[in-house]
Amino acid sequence: MKELMSPRDVLLLATGHDDVWVSAVDSCGGIGKEAHDTLQVDPILVGVLTARVALLEVMAVGAKPAFASIAVSNGPDAAEPLICGAKKMFGEHLPCIISTEKNMPTSMTGFGITVTGLCKMKDLLTARAKPGDTLYCVGTPLVGGETLDEKAKLFGVKELEILLKNPHVHAIIPVGSKGIAAEAGILAAENGLQFQLNRSPAVDLNKSAGPSTCAVCSADRCTDWGINLPIFEIGILLHL
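About the thresholds
- Residues numbered from 1 in each chain as written.
- Predicted model: local features only at pLDDT ≥ 70, side-chain atom pairs only at ≥ 80, totals over all residues.
- Heavy atoms only, no water.
- Helix = DSSP H or I, 4+ residues; strand = E, 2+ residues; numbered from the N terminus.
- Polar contact = N/O pair within 3.5 Å; in protein donor to acceptor, adjacent residues only side chain to side chain.
- Contact = heavy atoms within 4.5 Å.
- Buried < 20%, exposed > 50% of the residue type's maximum accessible area, 1.4 Å probe, protein only.
- Axes fitted to C-alpha atoms, helices over the stretch in contact; angles between N-to-C directions.
- Parallel < 35°, antiparallel > 145°, perpendicular 65-115°, else oblique.
- Left-handed = near helix turned anticlockwise from the far one by under 90°.
- Nonpolar A, V, L, I, M, F, W, Y, C, P; charged D, E, K, R; others polar.
- Pairing = 2+ DSSP bridges.
- Phe/Tyr/Trp six-rings, centres within 6.5 Å; stacked < 30°, edge-to-face > 60°.

Trainee: Is there a simple way to explain the side chain of Thr-213 in this structure?
Mentor: The topology assignment puts Thr-213 in the loop between strand 11 (194-197) and strand 12 (214-219). A polar contact of 2.9 Å, which involves the side chain of Thr-213, links it to the backbone oxygen of Thr-140. Filtering out sequence-adjacent residues up to four positions away, Thr-213 remains in contact with Arg-52, Gly-139, Thr-140, Pro-141, Leu-142, Thr-147, Leu-154, Phe-155 and Val-175.

See below:
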């Protein structure tokens, strides 16, 4: 296999048979219902929100999820709701391999999830953006307790699938803890371009988006998005 270099938070491995394996990982610590967790949250929800990060990263480059691994640094009883949440996010048909801590007592939640997917080289959605594309943020950056607000609307699989089907959208990157501006820079670098951000955007470009609560995308023109989330024009892609 040959590793394909990418500034994204994904591992790309070309098989030499026109297939590309795509792998992404996310970790979570101190969030749950253990005694020393910093943020006390239903562990099922923690599993859902952590799984979605790796899932979105894999899907955003055009790969179909093939399997996942879940490593929990807590005992089986504490791990069960975390795993339940992750499987709820993945659906019933994604195979998972799981490991939990069975030798030591723990008092703080800690776990990681890796999702691996597969696509054809021709379907790999990297380096597709073009000079002159407008940069948009779909959704709002939320982190920590903000994601628990009942009124909070998070970018998710449904919204990603809509963007992937939109012929005017050329590239999509889920936003995580690095913030919108950093992900816009990654999108530009991936395409050998530079980017110019708006001076007075209507959204915080540097705030963490936690579990990928929004995404940056490039498109050739404004379009009827068909997405029930706020969409912000944040900049433009330019030739180097």
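Trainee: Could you clarify how one ought to interpret the environment of Ala-79 in this entry?
Mentor: Mapped onto the fold, Ala-79 is located in helix 2 (residues 76-90). Here Ala-79 falls in the buried class, since its relative accessible area comes to 0%. Measuring from C-alpha to C-alpha, the distance between Ala-79 and Thr-213 comes to 24 Å, with 134 residues separating the pair along the chain. With residues near it in sequence (within four places) discarded, Ala-79 still touches Val-72, Asn-74 and Thr-100.

Trainee: What is the right way to read the packing of helix 1 (residues 43-60) against helix 2 from this model?
Mentor: Geometry of a packed helix pair, given as the angle between the helix axes and the separation of the axes. Close contact between helix 1 and helix 2 brings their axes to 7 Å; oriented N to C, the two are set at 45°. Relative to helix 2, helix 1 is oriented oblique. Judged by the sense of rotation from one axis to the other, the crossing of helix 1 with helix 2 is right-handed. Contacts between helix 1 and helix 2 involve Pro-43, Ile-44, Val-46, Gly-47, Val-48, Ala-51, Arg-52 and Leu-55 from the first element and Pro-81, Leu-82, Gly-85, Ala-86, Lys-88, Met-89 and Phe-90 from the second. The residue makeup of the contact of helix 1 with helix 2, split by class, is 11 nonpolar, 2 polar and 2 charged.

Trainee: Just checking my understanding: could you explain the environment of Ala-68 for this structure?
Mentor: By the element assignment, Ala-68 lies in strand 6 (residues 64-72). Sequence-wise, Ala-68 and Ser-23 are 45 residues apart; in three dimensions their C-alpha atoms are separated by 9.2 Å.

Trainee: Explanation requested: the pairing of strand 8 (residues 110-120) in the structure shown.
Mentor: Across a regular strand the side chains alternate sides, sitting on one face of the sheet and then on the other. Among the 11 residues in strand 8, 8 count as buried, and that is most of the element. Of the pairings in the sheet, the one linking strand 3 (residues 19-29) to strand 8 comprises 11 bridges and is antiparallel in character. Bridge pairing in strand 8 places Cys-28 opposite Phe-111. Relative to strand 8, strand 6 is paired through 8 bridges, and the arrangement is antiparallel. Opposite Ile-70, over in strand 8, you have Ile-113 as the bridge partner.

Trainee: It is not clear to me how the packing of aromatic side chains should be interpreted in this structure. Could you clarify?
Mentor: Applying the stated criterion to the full structure yields 2 aromatic pairs. The interplanar angle of 55° and the centroid separation of 6.2 Å between the aromatic rings of Trp-21 and Phe-67 together place this pair among those described as tilted. You can see Trp-21 sitting in strand 3 and its partner Phe-67 sitting in strand 6, a full 46 residues away along the chain. Residues Tyr-136 and Trp-225 carry aromatic rings whose centres are separated by 4.9 Å and whose planes lie at 70° to one another, so their mutual orientation is edge-to-face. One end of the pair, Tyr-136, is in strand 9 (residues 134-139); the other, Trp-225, is in the loop between strand 12 and strand 13 (231-238), and 89 residues separate them in sequence. Per residue, the accessibility class of Tyr-136 equals that of Trp-225, and both read buried.

Trainee: Looking at this structure, how should I read unusual backbone geometry?
Mentor: Glycine aside, negative phi is the norm for most residues, and most peptide bonds take the trans geometry. Although it is not a glycine, Asp-18 sits at a positive phi angle of roughly 70°. The residue Ala-127 is not glycine, and still its phi comes out positive at about 55°. Structurally, Ala-127 can be placed in the loop between strand 8 and strand 9.

Trainee: In this structure, what is going on with the pairing of strand 3? I would like to understand it.
Mentor: Here strand 2 (residues 11-14) pairs with strand 3 via 4 bridges, running antiparallel. Counted as the bridge partner of Leu-13 is Trp-21 from strand 3. Between strand 2 and the antiparallel strand that follows it, strand 3, lie 4 residues; Gly-16 among them carries a positive phi value of about 90°.

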